[in-house]
Amino acid sequence: MSSQYPWPAMRGIAYGGDYTPEQWPRETWLEDVALMREAGVNLVSVGIFSWALLETSEGVFDFAWLDELLDLLHDHGIAVDLGTPTASPPAWFFAGHPDARVVTRDGTVMGFGARGMASHSSAAYRVAIVRIASALAERYAEHPAVVLWHVHNEYGVPVGEDYSDQSAAAFRTWLREKYATLDALNAAWGTTFWGQRYGEWDHVGVPAAAPSVVNPSQRLDFARFTDHQLRQCFIAERDAIRAHASQPITTNFMANQSWTTDMWAWAREVDIVSDDHYLWAADPEGEIGLAIAADLSRSVGGGKPWILMEHSTSAVNWQPRNIAKRPGEMARNSVTHLARGADAILFFQWRASRFGAEKFHSAMIPHAGTESRVWREVVALGAALDRLDEIRGSRVVADVAILWDFESFWAQDLEWRPSVDVSHAERIRAYYERLWRDGITVDFALPGQDLSAYKLVIAPAQYMLSAADAANLDRYVAGGGTLVVSFFSAIVDENDAVHPGGFVAPLRDTLGLVVEEFLPLREGSQCRLRWSHDGATATLAGDAWQEDLVLSGAEIVATYVDGPGAAKAAVTRHRRGDGAGWYVSTRLDAEGLGILMSAVYADAGVAPAGHPDGVEVVVRRGEHADYVVAINHGDDAATIAATGVELLSGQPVEGSIDVAGGGVAVIRTDEGGGR
Ligand code: GLA
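Every value quoted in this text rests on a predicted model; they were computed, and no experiment measured them.

A. Layout of the sheet that holds strand 18 (residues 526–533). The strand order 14-13-15-16-23-22-21-18-19-24 describes an open sheet built from 10 strands, whose pairing is mixed. Each edge of the open sheet carries a strand with a single partner, namely strand 14 (442–445) and strand 24 (587–588). With eight bridges joining them, strand 18 and strand 19 (residues 536–543) adopt antiparallel strand pairing. In the strand pairing of strand 19, Q526 is matched with D543. The sheet contacts of helix 14 (residues 424–437) involve strand 13 (400–403), strand 14, strand 15 (456–459), strand 16 (482–486), strand 23 (579–584) and strand 24, and relative to strand 13 the element is tilted by about 170°. Strands strand 15, strand 16, strand 18, strand 19, strand 22 (569–576), strand 23 and strand 24 of the sheet are contacted by helix 17 (residues 590–604), whose axis makes an angle of about 170° with strand 23.

If you want it as structure tokens, here you go:
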């Protein structure tokens, strides 16, 4: 990512969504642009699924409709995020290149009639994506409406892994580059186990379905290879566009809702991070998952403002039960993304489709039309964002980081782990949720990055930890940092091989312990811990997991009362240099995490914000002022301390402000800024 932040050449906070006028007659286009103006829409994404309309047969282009559309949008002052349509190749492509179809792990060849790219390793697909991306860029590079390029759509879904012959050949090439010799590959994959040793490169294949569990090191490398191949497809299109056009280029990520791509690596390749986020309807506190997605989007981009490329005005159509958003929820969701660093609030999609697989998905213009709650809220949100223009470019500053490492997640998610109850997503959410409730803003970070700016670093799930990354964490602690490590971390190296010296060995000096044995608990069984720290005692509850710890310097903070680890250490703290390493060997419940984290905050010098329950407050720091963004998820009004001007109402704020139940407030404060 370039250091100069190339925000699209447009005013204020971007507002709009995916626009699919190809599904509508011309008279609707005219109505659309008028309604976009009414709603304050200033940016739409077009062309994302239009390949069959733009290239009607191989090498034959029809740009007439897109010319007309871009001119119309430009004439109405609406900027364009121009998509490349490569997530959905046309029927003629698959008919001409049947071997470009994706093969699943169990050998099924994917058919046509849905959407989904061809094989990431198909030479024909690579040629075709460069041809359409180049043609679009050549034609529209200078079009005044185009301010941003949107390559593809959500790499990794619905097509990620491919087990086809061309993918197998490409996997071998990738492995030869990585390992150079078969001996090195055999050693890294531990192929002496179950007699898997390879004597010929041609015998190395993709980890297709097999009689039993396939070599986990091979599967981990295949996950890395898949991510790499998808990224090469992106880079091919990006470079084809860049040969003609100078606008920033992005592709929409899926933060915490897909695990197939490594957002940290992808963020280095785009000019601006953009993300799609959908609430998980079954989660009664979906706003916490939303905050995780937003913080991750900001973090992978190095803290720069980012684009919320898609979210929904109300229900989606692809979950088991698609729950409509309640009045005000869309605005709260939007302002939360903004609070956590987004400078663009966009939706899928502008106008609900009458036909096709997504006809029950909400939109800015629902099937009910403009005489609807959703439309009225869309217009109100556009007006609200217009009042928040000055926030653009301001930054979110966090004192606390949570480690988030996709490669470790890929490894942890493989088969035959000690307990199905151990989940990285669950533990990250649990720790994040504690900080969210305490009003503490969090960045996400990699274990190998410079962490010295953080007072506190939490590793809720760092199953895979290389020796180099462990040394980095140790330096962080020795230099004065506070580190919290949760169980089933620092177990394996980058090849998914257990560390020499046993579990947690690379962090032995940092934490003052190792783990002798895992003690998973039976389904549903709980355990109790006796907490005793800084003169305070309490009984804590955990479940799923205990461990047999061997201490080498760590002090005991909590002891197991019952379970297989009864009377042994459960939670520890180790002084290391100027800092401290905490270790938590069970899955503490929310209350237990509260007690733990209060002690950790005190140790790290981090202060909970003390906002009323259910009120989310995040500060964006501008050059001249701080902006306090408050989102009240509760039903009752809540009081927030602040002094300045509330930007949505224009009213002065003297000392405190009441935020209505379900409402939001954005206060430009008299203090801060310029730091
Ligand atoms: C994804 C896709 C969109 C649309 C939405 C529906 O995010 O990018 O094209 O299918 O889901 O929620």
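Picking up where we left off.
B. Structural detail: the packing of helix 5 (residues 123–140) against helix 8 (residues 216–242). The geometry of helix 5 relative to helix 8 is characterised by a closest axis approach of 8 Å and an angle of 30° between their N-to-C directions. Judged on the interaxial angle alone, helix 8 and helix 5 are roughly parallel. Here the hand of the crossing between helix 5 and helix 8 comes out right-handed. Contact residues: Y125, R126, I129, V130, A133, S134 and A137 in helix 5; Q229, Q232, C233, A236, E237, A240 and I241 in helix 8. Looking at side-chain class alone, the contact of helix 5 with helix 8 contains nine nonpolar, three polar and two charged residues.

C. Geometry of the pattern of salt bridges. Following the criterion strictly, the structure yields 39 salt bridges and no others. In this structure, D295 engages R340 in a salt bridge whose closest nitrogen and oxygen atoms are separated by 3.0 Å. Of this pair, D295 sits in helix 10 (residues 286–300) while R340 sits in the loop between helix 11 (329–339) and strand 11 (342–347); the two residues are 45 residues apart in sequence, bridging distant segments of the chain. Summarising the burial analysis for this pair, D295 and R340 share the class buried. R417 serves as the salt-bridge partner of D496, at 3.0 Å between the closest nitrogen and oxygen. With D496 in the loop between strand 16 and helix 16 (508–511) and R417 in the loop between helix 13 (406–412) and helix 14, this residue pair connects regions lying 79 residues apart in the sequence. Salt bridges sharing common partners tie together D283, E285, R429, E433 and R437.

D. Seen up close, the layout of surface pockets. Looking at the largest pocket, its volume works out to about 810 Å³. Looking at the largest pocket, it is lined by 38 residues, and the ones nearest its centre are N256, Q257, S258, Y278 and W318. Only helix 10 and helix 14 provide two or more residues apiece to the lining of the largest pocket. Of the residues that make up the lining of the largest pocket, three or more belong to each of domain 1 (14–160 + 229–394) and domain 2 (400–604). The volume enclosed by the second largest pocket comes to roughly 650 Å³. If you trace the second largest pocket, you find 23 residues lining it, with Q23, F49, S88, A114 and R115 closest to the centre. Broken down by element, the lining of the second largest pocket gets its largest block of residues, three residues, from helix 2 (residues 51–54). Its residues assigned to classes, the lining of the second largest pocket comprises 12 nonpolar, eight polar and three charged.

E. How the structure looks around the packing of helix 3 (residues 64–75) against helix 5. Running from N to C, helix 3 and helix 5 point in directions that differ by 45°, and their axes come no closer than 12 Å. Classified by the angle between their axes, helix 3 and helix 5 sit oblique to one another. Relative to helix 5, helix 3 is oriented so that their crossing is right-handed. Between helix 3 and helix 5, the residues in contact are L66, D67 and L70 and L136, R139 and Y140, respectively. Here the residues of the contact of helix 3 with helix 5 are counted per class, giving four nonpolar, no polar and two charged.

F. Layout of empty space enclosed by the protein. According to the stated counting rule, one finds five cavities of 30 Å³ or more in the structure shown. Roughly 50 Å³ of internal volume is contained in the largest cavity. For the largest cavity, the full set of lining residues is D18, Y19, T20, E22, S45, V46, G47, I48, F49 and F348. Within the residue set of the lining of the largest cavity, elements represented by two or more residues are strand 1 (14–19) and strand 2 (43–46). Split by residue class, the lining of the largest cavity holds five nonpolar, three polar and two charged.

G. Structural context of a nonpolar patch on the surface. Together, F193, W194 and W416 make up a nonpolar patch on the protein surface, roughly 430 Å² of accessible area in all. Along the polypeptide, W416 turns up in the loop between helix 13 and helix 14.

H. Quick look at the domain arrangement of the protein chain. Each domain of the protein chain was delimited in the assignment, giving domain 1 (14–160 + 229–394), domain 2 (400–604) and domain 3 (615–668). Each of domain 2 and domain 3 has a C-alpha centre, and these two points are 35 Å apart.

I. Quick peek at the site of the ligand. In the vicinity of the ligand, the contacting residues are F49, R115, N153, E154, D276, Y278, E310, W318, F348, E358 and H361. A distance of 2.6 Å separates an oxygen atom of the ligand from a polar side-chain atom of E154. Taken atom by atom, the bulk of the ligand overlaps the largest pocket. Of the residues assigned to the shell around the ligand, the class counts are four nonpolar, two polar and five charged.

J. Geometry of helix 11. Among the 11 residues of helix 11, 10 are classified as buried, and the element is accordingly described as predominantly covered. Buried within helix 11 we find E329, M330, R332, N333, S334, V335, T336, H337, L338 and A339. In the segment just after helix 11, G341 is the residue with positive phi, at about 115°.

K. Spatial organisation of the side chain of H361. Here H361 shows up in the loop between strand 11 and helix 12 (373–386). Residue classification places H361 among the buried residues on the basis of a relative accessible area of 4%. Leave out the neighbours within four places in its chain, and H361 touches Y278, S312, A315, V316, N317, W318, F348 and A352.

L. Representation of the pairing of strand 2. Burial along strand 2 is two-sided: L43 and S45 facing one way and V44 and V46 facing the other are all buried. Sheet analysis places strand 1 next to strand 2, joined by four bridges and oriented parallel. Bridging across to strand 2, G17 finds its partner in V44. After leaving strand 1, the chain enters helix 1 (residues 26–39) and then returns to the sheet as strand 2, a path that is right-handed. Both strand 2 and strand 5 (residues 79–83) contribute to a ladder of four bridges, which runs parallel. In the sheet register, L43 faces strand 5, and the bridge partner there is A79.

M. The sheet that holds strand 29 (residues 652–653), seen in detail. Across the sheet, which stays open at both edges, the six strands sit in the order 12-25-26-31-28-29 with antiparallel pairing between neighbours. The open sheet terminates on both sides in strands that have one partner only, identified here as strand 12 (395–396) and strand 29. Looking at chain direction, strand 26 (residues 626–632) and strand 31 (residues 664–669) are connected through five bridges and run antiparallel. Its bridge partner being in strand 31, I631 is matched across the sheet by V664.

Quick notes on the rules
Residues numbered from 1 in each chain as written. Predicted model: local features only at pLDDT ≥ 70, side-chain atom pairs only at ≥ 80, totals over all residues. Heavy atoms only, no water. Pairing = 2+ DSSP bridges. Helix = DSSP H or I, 4+ residues; strand = E, 2+ residues; numbered from the N terminus. Contact = heavy atoms within 4.5 Å. Axes fitted to C-alpha atoms, helices over the stretch in contact; angles between N-to-C directions. Parallel < 35°, antiparallel > 145°, perpendicular 65-115°, else oblique. Left-handed = near helix turned anticlockwise from the far one by under 90°. Nonpolar A, V, L, I, M, F, W, Y, C, P; charged D, E, K, R; others polar. Salt bridge = Lys/Arg side-chain N within 4 Å of Asp/Glu carboxyl O. Buried < 20%, exposed > 50% of the residue type's maximum accessible area, 1.4 Å probe, protein only. 1 Å grid on protein atoms, 1.4 Å probe; cavity = no way out; pocket = protein on both sides within 12 Å on 5 of 7 lines; lining within 4 Å. Points joined across faces, edges and corners; volume = space filled by probe spheres on them. Domains from an automatic or database assignment. Patch = residues over 30% accessible without salt bridge, like charges linked within 9 Å, V, L, I, M, F, W, Y side chains within 5 Å. Areas by Shrake-Rupley, 256 points an atom, 1.4 Å probe, with all protein chains shown as cover. Near = heavy atom within 4 Å. Polar contact = N/O pair within 3.5 Å; in protein donor to acceptor, adjacent residues only side chain to side chain. Sits in = over half its atoms within 2 Å of the grid points. Right-handed = clockwise from strand over helix to strand, strands pointing away.

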